[in-house]
Amino acid sequence: LHFLEAEKPNRHTIFVDEDDLEEPQKPGGSSSSSTPKKLKDFDVAGYFETHPALLKRKANRLRLKQLQTKEIKTVQDAGTKAAYHELLQLQERSKKLTRVREELEQRSHLRQKG
């Protein structure tokens, strides 16, 4: 549980064609005067249609339309709460299994001769 909030290296790869880097042509402009952009100027938030603050999230990355229309709950708090609940359940199950194992070992020792 210590690593729920830890930063993880981002490995998402976006393949961009040179045509995708060109600026869109304006309706009144000439068709031959498109200036290519550099790769470092590529708008990742625009590509994913999301807010730049949400780019580090790998899952449940909401789009701008969803951010404008929906009420946002604290997803991280719910995830942390669920993780702790699961941890407590696993600890209780471990304790029960340990008691059962000890009881079975005690029974096997009592059955032995000697």
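The coordinates are above.
All residue numbers refer to position in the chain's written sequence, counted from 1. Per-residue local features of the predicted model are confined to residues with pLDDT of at least 70, and side-chain atom pairs are confined, for both listing and counting, to 80 or more; whole-chain, interface and lining totals are unaffected and use all residues. Hydrogens and waters are ignored; side-chain quantities use all the structure's heavy atoms.

**Student:** Would you mind showing me how to read the overall build of the protein here?
**Tutor:** Strands are runs of DSSP state E lasting at least two residues, helices are runs of H or I lasting at least four, and both sets are numbered from the N terminus onward. Helices and strands together make up the secondary structure of the protein, namely four helices and zero strands. Helices and strands appear in the protein in the N-to-C order α-α-α-α. The buried share of the protein, reckoned over its 114 residues, is 5%. Calculation of accessible area relied on Shrake-Rupley with a 1.4 Å probe; when residues are assessed, cover is drawn exclusively from the protein chains displayed. For the protein, the computed accessible surface area is about 11,100 Å², with 52% contributed by carbon and sulfur atoms. Under the scheme applied here, a residue whose accessible area is under 20% of the maximum for its type counts as buried, over 50% as exposed, and between as partly exposed, the area being computed with a 1.4 Å probe on protein chains only.

**Student:** Whenever I open this one, the packing of aromatic side chains confuses me. Can you help?
**Tutor:** Remark: the centre distance and the inter-plane angle together describe each pair of aromatic rings, the angle taken between the planes. Stacked, edge-to-face and tilted labels apply to pairs of Phe, Tyr and Trp rings (six-membered ring for Trp) whose centres lie within 6.5 Å, assigned for plane angles under 30 degrees, over 60, and everything in between, in that order. Scanning the entire structure with this criterion turns up one aromatic pair. Aromatic side chains tyrosine 47 and phenylalanine 48 sit 5.2 Å apart centroid to centroid with 80° between the ring planes, which places their arrangement in the edge-to-face category. Among the residues examined, tyrosine 47 registers a relative accessible area of 45% and is labelled partly exposed. Lysine and arginine charges are scored as sitting over a ring when NZ or CZ, respectively, is within 6 Å of the ring centre and within 35 degrees of the ring normal. If you follow arginine 61 out to its NZ or CZ, it ends over the ring of phenylalanine 48, 4.4 Å from the centre.

**Student:** It is not clear to me how the pattern of salt bridges should be interpreted in this structure. Could you clarify?
**Tutor:** Pairing is possible between side chains that carry opposite charge, provided their charged atoms lie close to one another. Between Lys or Arg on one side and Asp or Glu on the other, a salt bridge is scored when a side-chain nitrogen of the former is within 4 Å of a carboxyl oxygen of the latter. Across all of its chains, the model carries three salt bridges by this definition. Glutamate 105 is paired through a salt bridge with arginine 101; the nearest N and O atoms lie 3.4 Å apart. Of this pair, glutamate 105 and arginine 101 both sit in helix α4 (residues 75-111), four residues apart, roughly one helical turn.

**Student:** So what exactly am I meant to see when it comes to the environment of leucine 64 here?
**Tutor:** Note that leucine 64 resides in helix α3 (residues 64-69). Residue class for leucine 64 comes out partly exposed when judged on its relative accessible area of 41%. Note on contacts: a residue pair qualifies if any of its non-hydrogen atoms lie within 4.5 Å across the two residues. Contact partners of leucine 64, with chain neighbours within four places excluded, come to Glu49, Thr50 and His51.

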